[in-house]
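One-letter residues, chain by chain:
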Amino acid sequence: MQKTVMGRRNKRLQVLLCVAIILCIFQIFNSKWNIFNIGKHLFQSRTTKAELKSLNDIAKDNKAPYQGEAPSPKSSNHPDLRIIVVVYNRPQSLERLLNSLNEAHYFKHNVELEVWIDRSKKDGSIHNATYYAASKFKFLHGKYKVCNHTKHVGIYGQWIDTWNPAPDSKEIAVILEDDLTVSKHFYLWLINVHRKYDDRTDLAGYALQGRSMKHGGAAGNLRGPDKDVCFMYPILGTWGYSPHLKNWLRFVEWYKNVSKDPSFQPLVPGILPSQWWQVFQKQGKTDGMWSMWHIYHTWNNKLWTLYPNLEDSRGLTISWKEAGLHYKKGDTSADPILQEWKPVYEDLPREPARVDVNGKVLRFKIQ
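Rules and cut-offs
Residues numbered from 1 in each chain as written. Predicted model: local features only at pLDDT ≥ 70, side-chain atom pairs only at ≥ 80, totals over all residues. Heavy atoms only, no water. Axes fitted to C-alpha atoms, helices over the stretch in contact; angles between N-to-C directions. Helix = DSSP H or I, 4+ residues; strand = E, 2+ residues; numbered from the N terminus. Parallel < 35°, antiparallel > 145°, perpendicular 65-115°, else oblique. Left-handed = near helix turned anticlockwise from the far one by under 90°. Contact = heavy atoms within 4.5 Å. Nonpolar A, V, L, I, M, F, W, Y, C, P; charged D, E, K, R; others polar. Buried < 20%, exposed > 50% of the residue type's maximum accessible area, 1.4 Å probe, protein only. Phe/Tyr/Trp six-rings, centres within 6.5 Å; stacked < 30°, edge-to-face > 60°.

Participant: Which residues make up the packing of helix α8 (residues 245-258) against helix α10 (residues 291-300), and what values do they have?
Facilitator: Two elements in contact, α8 and α10, have axes whose closest approach is 10 Å; the angle formed by their N-to-C orientations is 115°. The pairing of α8 with α10 is recorded here as roughly perpendicular in orientation. Classified by chirality, the crossing of α10 by α8 is right-handed. Counted together, Asn247, Trp248, Arg250, Phe251, Trp254, Tyr255 and Val258 of α8 and Trp293, His294, Tyr296 and His297 of α10 form the full contact between these two elements. Its residues assigned to classes, the contact of α8 with α10 shows seven nonpolar, three polar and one charged.

In C-alpha coordinates:
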(Lines give C-alpha, C1' and ligand atoms only; values in the text may rest on other atoms or scores of the structure.)
Protein backbone atom coordinates (compact mmCIF):
# COMPACT_ATOMS: atom_id res chain seq x y z
CA MET A 1 0.00 0.00 0.00
CA GLN A 2 2.78 2.41 0.96
CA LYS A 3 4.61 1.62 -2.31
CA THR A 4 1.45 2.42 -4.30
CA VAL A 5 1.07 5.82 -2.60
CA MET A 6 4.76 6.59 -3.12
CA GLY A 7 4.44 5.61 -6.79
CA ARG A 8 1.53 8.00 -7.27
CA ARG A 9 3.46 10.81 -5.59
CA ASN A 10 6.45 10.16 -7.83
CA LYS A 11 4.27 10.31 -10.93
CA ARG A 12 2.77 13.61 -9.79
CA LEU A 13 6.23 15.01 -9.15
CA GLN A 14 7.32 13.86 -12.61
CA VAL A 15 4.32 15.59 -14.22
CA LEU A 16 4.97 18.81 -12.27
CA LEU A 17 8.65 18.67 -13.22
CA CYS A 18 7.75 18.27 -16.92
CA VAL A 19 5.36 21.23 -16.76
CA ALA A 20 8.02 23.35 -15.06
CA ILE A 21 10.59 22.44 -17.73
CA ILE A 22 8.15 23.31 -20.54
CA LEU A 23 7.39 26.68 -18.95
CA CYS A 24 11.11 27.41 -18.61
CA ILE A 25 11.65 26.61 -22.28
CA PHE A 26 8.80 28.95 -23.29
CA GLN A 27 10.24 31.73 -21.13
CA ILE A 28 13.65 31.37 -22.73
CA PHE A 29 12.56 31.20 -26.36
CA ASN A 30 9.29 33.11 -26.43
CA SER A 31 8.87 36.20 -24.26
CA LYS A 32 5.16 36.17 -24.95
CA TRP A 33 4.82 33.26 -22.52
CA ASN A 34 7.06 34.68 -19.85
CA ILE A 35 5.37 34.39 -16.46
CA PHE A 36 5.39 38.17 -16.18
CA ASN A 37 3.56 38.57 -19.49
CA ILE A 38 1.33 35.53 -19.77
CA GLY A 39 -1.67 37.16 -18.09
CA LYS A 40 -1.47 40.13 -20.44
CA HIS A 41 -1.68 37.87 -23.49
CA LEU A 42 -4.32 35.49 -22.21
CA PHE A 43 -6.61 38.12 -20.78
CA GLN A 44 -5.80 41.18 -22.91
CA SER A 45 -8.85 43.41 -23.12
CA ARG A 46 -10.79 43.57 -26.35
CA THR A 47 -13.78 45.65 -27.26
CA THR A 48 -16.55 43.12 -27.75
CA LYS A 49 -19.10 43.31 -30.56
CA ALA A 50 -21.77 44.13 -27.97
CA GLU A 51 -19.67 47.03 -26.61
CA LEU A 52 -19.07 48.31 -30.14
CA LYS A 53 -22.77 48.15 -31.02
CA SER A 54 -23.70 49.95 -27.81
CA LEU A 55 -21.10 52.66 -28.33
CA ASN A 56 -22.01 53.11 -31.98
CA ASP A 57 -25.67 53.48 -30.97
CA ILE A 58 -24.61 56.15 -28.46
CA ALA A 59 -22.56 57.84 -31.17
CA LYS A 60 -25.64 58.21 -33.36
CA ASP A 61 -27.67 59.90 -30.63
CA ASN A 62 -24.99 61.78 -28.74
CA LYS A 63 -22.47 63.72 -30.80
CA ALA A 64 -20.20 64.35 -27.83
CA PRO A 65 -17.71 67.06 -28.76
CA TYR A 66 -14.93 65.79 -26.48
CA GLN A 67 -12.17 68.14 -25.50
CA GLY A 68 -9.83 68.75 -28.41
CA GLU A 69 -6.12 69.37 -28.61
CA ALA A 70 -4.30 71.30 -31.30
CA PRO A 71 -0.92 69.97 -32.45
CA SER A 72 1.94 71.69 -30.67
CA PRO A 73 3.84 74.25 -32.77
CA LYS A 74 7.12 72.71 -31.56
CA SER A 75 7.57 69.73 -29.27
CA SER A 76 9.26 70.75 -26.01
CA ASN A 77 10.16 67.22 -24.92
CA HIS A 78 12.41 64.88 -26.88
CA PRO A 79 11.89 61.15 -26.31
CA ASP A 80 14.06 58.55 -28.01
CA LEU A 81 11.02 57.39 -29.96
CA ARG A 82 7.70 59.12 -30.63
CA ILE A 83 4.99 56.86 -32.06
CA ILE A 84 2.13 58.71 -33.73
CA VAL A 85 -1.00 56.69 -34.49
CA VAL A 86 -3.65 58.35 -36.66
CA VAL A 87 -7.22 57.10 -36.57
CA TYR A 88 -10.80 58.14 -37.29
CA ASN A 89 -13.47 55.48 -36.81
CA ARG A 90 -11.99 51.95 -36.74
CA PRO A 91 -11.76 50.93 -33.06
CA GLN A 92 -10.97 47.26 -33.60
CA SER A 93 -8.20 48.09 -36.05
CA LEU A 94 -6.81 50.54 -33.53
CA GLU A 95 -6.83 47.92 -30.77
CA ARG A 96 -4.97 45.44 -32.95
CA LEU A 97 -2.26 48.01 -33.75
CA LEU A 98 -1.92 49.18 -30.14
CA ASN A 99 -1.61 45.62 -28.87
CA SER A 100 1.17 44.94 -31.39
CA LEU A 101 2.96 48.08 -30.17
CA ASN A 102 2.85 46.66 -26.65
CA GLU A 103 4.52 43.49 -27.98
CA ALA A 104 7.48 45.37 -29.48
CA HIS A 105 10.97 45.69 -27.99
CA TYR A 106 12.05 49.17 -26.84
CA PHE A 107 15.17 48.36 -24.76
CA LYS A 108 13.99 50.57 -21.87
CA HIS A 109 14.34 53.66 -24.06
CA ASN A 110 12.25 56.78 -23.54
CA VAL A 111 9.15 56.15 -25.66
CA GLU A 112 6.00 58.23 -26.10
CA LEU A 113 2.88 56.98 -27.85
CA GLU A 114 0.24 59.40 -29.15
CA VAL A 115 -3.11 58.46 -30.68
CA TRP A 116 -4.60 61.26 -32.78
CA ILE A 117 -8.34 60.95 -33.43
CA ASP A 118 -9.85 62.97 -36.26
CA ARG A 119 -13.33 64.48 -36.14
CA SER A 120 -16.27 63.94 -38.46
CA LYS A 121 -16.25 66.24 -41.47
CA LYS A 122 -20.04 66.38 -41.26
CA ASP A 123 -20.64 67.47 -37.66
CA GLY A 124 -17.26 67.67 -35.92
CA SER A 125 -17.95 64.75 -33.57
CA ILE A 126 -15.47 62.18 -32.28
CA HIS A 127 -16.28 58.52 -32.98
CA ASN A 128 -17.30 57.22 -29.54
CA ALA A 129 -16.17 53.61 -29.91
CA THR A 130 -12.79 54.67 -31.26
CA TYR A 131 -12.28 57.09 -28.36
CA TYR A 132 -13.26 54.34 -25.92
CA ALA A 133 -10.81 51.85 -27.46
CA ALA A 134 -8.00 54.43 -27.34
CA SER A 135 -8.71 55.66 -23.80
CA LYS A 136 -8.91 52.21 -22.18
CA PHE A 137 -5.59 51.04 -23.66
CA LYS A 138 -2.58 50.79 -21.32
CA PHE A 139 0.83 51.31 -22.90
CA LEU A 140 3.46 49.28 -21.07
CA HIS A 141 6.62 51.02 -22.30
CA GLY A 142 6.30 54.75 -21.69
CA LYS A 143 4.03 57.76 -21.81
CA TYR A 144 0.68 57.42 -23.54
CA LYS A 145 -1.66 60.15 -24.69
CA VAL A 146 -4.96 60.28 -26.57
CA CYS A 147 -5.30 63.49 -28.60
CA ASN A 148 -8.62 64.57 -30.13
CA HIS A 149 -8.25 67.07 -32.92
CA THR A 150 -10.10 70.36 -32.33
CA LYS A 151 -11.72 70.12 -35.78
CA HIS A 152 -11.87 67.84 -38.79
CA VAL A 153 -8.36 67.79 -40.30
CA GLY A 154 -8.59 64.86 -42.71
CA ILE A 155 -5.69 62.68 -43.78
CA TYR A 156 -3.62 65.80 -44.59
CA GLY A 157 -3.76 67.13 -41.05
CA GLN A 158 -3.23 63.69 -39.55
CA TRP A 159 0.04 63.21 -41.41
CA ILE A 160 1.39 66.71 -41.85
CA ASP A 161 0.48 68.45 -38.57
CA THR A 162 0.87 65.85 -35.82
CA TRP A 163 4.68 65.70 -35.63
CA ASN A 164 6.34 69.04 -34.91
CA PRO A 165 9.85 68.42 -33.57
CA ALA A 166 12.29 71.16 -32.73
CA PRO A 167 14.96 71.48 -35.45
CA ASP A 168 17.67 70.28 -33.06
CA SER A 169 15.70 67.29 -31.76
CA LYS A 170 17.29 63.84 -31.98
CA GLU A 171 14.06 61.92 -31.51
CA ILE A 172 12.95 59.23 -33.93
CA ALA A 173 9.32 59.48 -34.99
CA VAL A 174 7.13 56.96 -36.77
CA ILE A 175 3.66 57.65 -38.16
CA LEU A 176 1.24 54.70 -38.28
CA GLU A 177 -2.25 54.51 -39.73
CA ASP A 178 -4.65 52.40 -37.69
CA ASP A 179 -4.98 49.39 -40.02
CA LEU A 180 -1.37 48.30 -39.50
CA THR A 181 0.39 45.79 -37.29
CA VAL A 182 4.03 46.30 -36.28
CA SER A 183 6.76 43.71 -35.92
CA LYS A 184 8.21 43.45 -32.43
CA HIS A 185 11.54 44.38 -34.06
CA PHE A 186 10.41 47.58 -35.80
CA TYR A 187 12.16 49.91 -33.35
CA LEU A 188 15.47 48.03 -33.56
CA TRP A 189 15.35 48.53 -37.34
CA LEU A 190 14.64 52.23 -36.91
CA ILE A 191 17.48 52.65 -34.42
CA ASN A 192 19.93 51.10 -36.85
CA VAL A 193 18.88 52.93 -40.03
CA HIS A 194 18.58 56.33 -38.35
CA ARG A 195 21.99 55.89 -36.75
CA LYS A 196 23.53 54.86 -40.09
CA TYR A 197 21.87 57.30 -42.48
CA ASP A 198 20.52 60.37 -40.65
CA ASP A 199 23.59 62.38 -41.62
CA ARG A 200 22.67 62.04 -45.29
CA THR A 201 21.01 64.97 -47.02
CA ASP A 202 19.32 62.93 -49.77
CA LEU A 203 16.92 60.89 -47.60
CA ALA A 204 13.28 61.81 -47.09
CA GLY A 205 12.71 59.03 -44.58
CA TYR A 206 12.45 55.34 -43.80
CA ALA A 207 9.66 52.99 -44.89
CA LEU A 208 8.75 50.00 -42.73
CA GLN A 209 6.68 47.94 -45.15
CA GLY A 210 8.17 44.85 -46.76
CA ARG A 211 6.07 44.91 -49.93
CA SER A 212 5.10 47.67 -52.28
CA MET A 213 3.91 48.17 -55.82
CA LYS A 214 6.17 49.69 -58.47
CA HIS A 215 4.85 53.20 -58.93
CA GLY A 216 5.96 53.43 -62.54
CA GLY A 217 3.48 50.71 -63.49
CA ALA A 218 5.81 47.72 -63.99
CA ALA A 219 4.47 44.33 -62.94
CA GLY A 220 5.34 42.57 -59.69
CA ASN A 221 6.25 43.66 -56.20
CA LEU A 222 9.05 46.11 -55.52
CA ARG A 223 12.32 44.44 -54.46
CA GLY A 224 15.93 45.46 -54.10
CA PRO A 225 18.91 43.37 -55.24
CA ASP A 226 19.14 39.88 -53.75
CA LYS A 227 20.98 39.66 -50.41
CA ASP A 228 20.77 43.43 -49.85
CA VAL A 229 18.97 44.22 -46.59
CA CYS A 230 17.82 47.65 -47.77
CA PHE A 231 17.59 49.89 -50.83
CA MET A 232 16.66 53.45 -51.76
CA TYR A 233 13.52 54.26 -53.75
CA PRO A 234 12.08 57.61 -54.95
CA ILE A 235 8.65 57.33 -53.27
CA LEU A 236 7.67 57.00 -49.61
CA GLY A 237 5.89 54.01 -48.11
CA THR A 238 2.84 54.97 -46.04
CA TRP A 239 2.45 51.63 -44.23
CA GLY A 240 4.56 52.94 -41.39
CA TYR A 241 6.87 55.86 -42.17
CA SER A 242 9.68 57.37 -40.14
CA PRO A 243 10.61 60.78 -41.57
CA HIS A 244 14.12 62.20 -41.80
CA LEU A 245 13.69 65.10 -39.39
CA LYS A 246 15.34 67.94 -41.30
CA ASN A 247 13.86 67.03 -44.67
CA TRP A 248 10.43 66.49 -43.09
CA LEU A 249 10.47 70.01 -41.65
CA ARG A 250 11.47 71.34 -45.07
CA PHE A 251 8.61 69.42 -46.69
CA VAL A 252 6.02 70.72 -44.21
CA GLU A 253 7.16 74.31 -44.65
CA TRP A 254 7.15 73.96 -48.44
CA TYR A 255 3.69 72.35 -48.48
CA LYS A 256 2.11 75.04 -46.31
CA ASN A 257 3.43 77.72 -48.65
CA VAL A 258 2.83 76.16 -52.06
CA SER A 259 -0.61 74.70 -51.22
CA LYS A 260 -1.95 78.25 -50.90
CA ASP A 261 -1.76 78.50 -54.69
CA PRO A 262 -4.92 76.81 -56.06
CA SER A 263 -3.41 76.55 -59.53
CA PHE A 264 -0.41 74.47 -58.41
CA GLN A 265 -0.60 70.76 -59.26
CA PRO A 266 1.95 68.40 -57.63
CA LEU A 267 2.30 66.14 -60.66
CA VAL A 268 5.36 64.01 -61.35
CA PRO A 269 5.82 62.61 -64.88
CA GLY A 270 5.82 58.88 -65.53
CA ILE A 271 4.21 57.55 -62.36
CA LEU A 272 0.80 56.10 -61.51
CA PRO A 273 0.11 58.39 -58.51
CA SER A 274 -0.01 61.38 -60.88
CA GLN A 275 -2.70 59.61 -62.87
CA TRP A 276 -4.65 58.85 -59.69
CA TRP A 277 -4.38 62.49 -58.64
CA GLN A 278 -5.89 63.63 -61.95
CA VAL A 279 -8.79 61.18 -61.56
CA PHE A 280 -9.38 62.31 -57.97
CA GLN A 281 -9.24 65.91 -59.12
CA LYS A 282 -12.13 65.31 -61.53
CA GLN A 283 -14.03 63.60 -58.72
CA GLY A 284 -13.22 66.32 -56.16
CA LYS A 285 -11.35 63.82 -53.96
CA THR A 286 -7.76 65.09 -53.86
CA ASP A 287 -8.27 65.75 -50.15
CA GLY A 288 -7.62 62.03 -49.64
CA MET A 289 -4.16 61.99 -51.27
CA TRP A 290 -1.74 63.96 -49.13
CA SER A 291 1.11 61.70 -50.30
CA MET A 292 1.12 63.28 -53.78
CA TRP A 293 2.57 66.44 -52.28
CA HIS A 294 5.32 64.46 -50.57
CA ILE A 295 6.04 62.55 -53.79
CA TYR A 296 6.39 65.82 -55.70
CA HIS A 297 8.62 67.37 -53.04
CA THR A 298 10.99 64.38 -52.96
CA TRP A 299 11.11 64.25 -56.78
CA ASN A 300 11.81 67.96 -57.07
CA ASN A 301 14.55 67.79 -54.42
CA LYS A 302 16.03 64.44 -55.52
CA LEU A 303 15.28 62.71 -52.22
CA TRP A 304 14.91 58.99 -51.56
CA THR A 305 13.16 56.72 -49.09
CA LEU A 306 15.02 53.78 -47.56
CA TYR A 307 13.09 50.48 -47.74
CA PRO A 308 13.82 47.19 -45.97
CA ASN A 309 14.67 44.30 -48.30
CA LEU A 310 14.39 41.32 -45.96
CA GLU A 311 13.84 37.63 -46.67
CA ASP A 312 10.46 36.75 -48.22
CA SER A 313 9.66 40.48 -48.38
CA ARG A 314 8.96 40.47 -44.66
CA GLY A 315 8.03 43.87 -43.30
CA LEU A 316 8.52 45.73 -40.06
CA THR A 317 4.83 46.54 -40.53
CA ILE A 318 1.98 44.94 -42.42
CA SER A 319 -1.23 46.54 -43.66
CA TRP A 320 -4.60 44.83 -43.38
CA LYS A 321 -5.92 47.08 -46.20
CA GLU A 322 -9.19 47.62 -44.41
CA ALA A 323 -12.21 49.42 -45.80
CA GLY A 324 -11.82 53.17 -45.40
CA LEU A 325 -10.27 56.07 -47.25
CA HIS A 326 -7.84 53.98 -49.34
CA TYR A 327 -9.71 50.70 -49.86
CA LYS A 328 -13.37 50.08 -50.62
CA LYS A 329 -13.34 46.55 -49.21
CA GLY A 330 -11.21 45.06 -46.47
CA ASP A 331 -8.56 42.46 -47.30
CA THR A 332 -8.42 39.65 -44.75
CA SER A 333 -4.97 38.59 -45.94
CA ALA A 334 -1.78 40.35 -44.94
CA ASP A 335 1.81 40.34 -46.11
CA PRO A 336 4.44 38.49 -44.03
CA ILE A 337 5.80 40.30 -40.98
CA LEU A 338 9.28 39.95 -39.51
CA GLN A 339 9.21 37.56 -36.56
CA GLU A 340 12.88 36.68 -36.06
CA TRP A 341 15.73 39.18 -35.94
CA LYS A 342 19.01 38.14 -37.58
CA PRO A 343 22.41 39.82 -37.17
CA VAL A 344 22.66 40.24 -40.95
CA TYR A 345 19.88 42.86 -40.75
CA GLU A 346 22.39 45.16 -39.06
CA ASP A 347 24.86 44.86 -41.96
CA LEU A 348 23.78 48.13 -43.57
CA PRO A 349 25.83 49.29 -46.58
CA ARG A 350 27.51 52.67 -46.69
CA GLU A 351 25.73 53.35 -50.00
CA PRO A 352 22.49 51.37 -50.45
CA ALA A 353 21.40 50.33 -53.92
CA ARG A 354 19.10 52.74 -55.74
CA VAL A 355 16.00 51.41 -57.49
CA ASP A 356 13.76 53.39 -59.87
CA VAL A 357 9.94 53.53 -59.97
CA ASN A 358 9.80 50.45 -62.21
CA GLY A 359 12.07 48.36 -59.99
CA LYS A 360 15.21 48.74 -62.12
CA VAL A 361 18.48 48.93 -60.19
CA LEU A 362 20.13 52.24 -61.02
CA ARG A 363 23.17 51.72 -58.82
CA PHE A 364 24.26 48.75 -56.77
CA LYS A 365 25.25 49.09 -53.12
CA ILE A 366 28.70 50.11 -51.94
CA GLN A 367 29.59 48.29 -48.76
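Participant: Please give an account of α10 that cites residues and values.
Facilitator: For α10, a buried count of eight out of 10 residues is recorded, marking the element as mostly surrounded by other parts of the structure. Among the residues of α10, Ser291, Met292, Trp293, His294, Ile295, Tyr296, His297 and Thr298 are the ones counted as buried. Here the buried face of α10 lies against α6 (154-160), β6 (203-207), β8 (241-243), α8 and α9 (272-283). With its phi angle positive at about 55°, Lys302 sits one or two positions after the end of α10.

Participant: Kindly report on the packing of aromatic side chains, identifying the contributing residues and their values.
Facilitator: Counted under the stated rule, the structure contains 23 aromatic pairs. Between the aromatic rings of Phe137 and Tyr144, the centroid separation amounts to 5.3 Å while the plane-to-plane angle is 75°, which identifies the pairing as edge-to-face. Note on Trp277 and Trp293: the rings are 6.0 Å apart at their centroids and 85° apart in plane angle, and the pair reads as edge-to-face. Taken as a pair, Trp277 in helix α9 and Trp293 in helix α10 lie far apart in primary sequence, 16 residues in all. Its relative accessible area of 4% is what places Trp277 among the buried residues. By the ring-pair criterion, three or more aromatic residues cluster together here, those being Tyr156, Trp159, Trp248, Phe251, Trp254, Tyr255, Phe264, Trp277, Trp290, Trp293, Tyr296 and Trp299.

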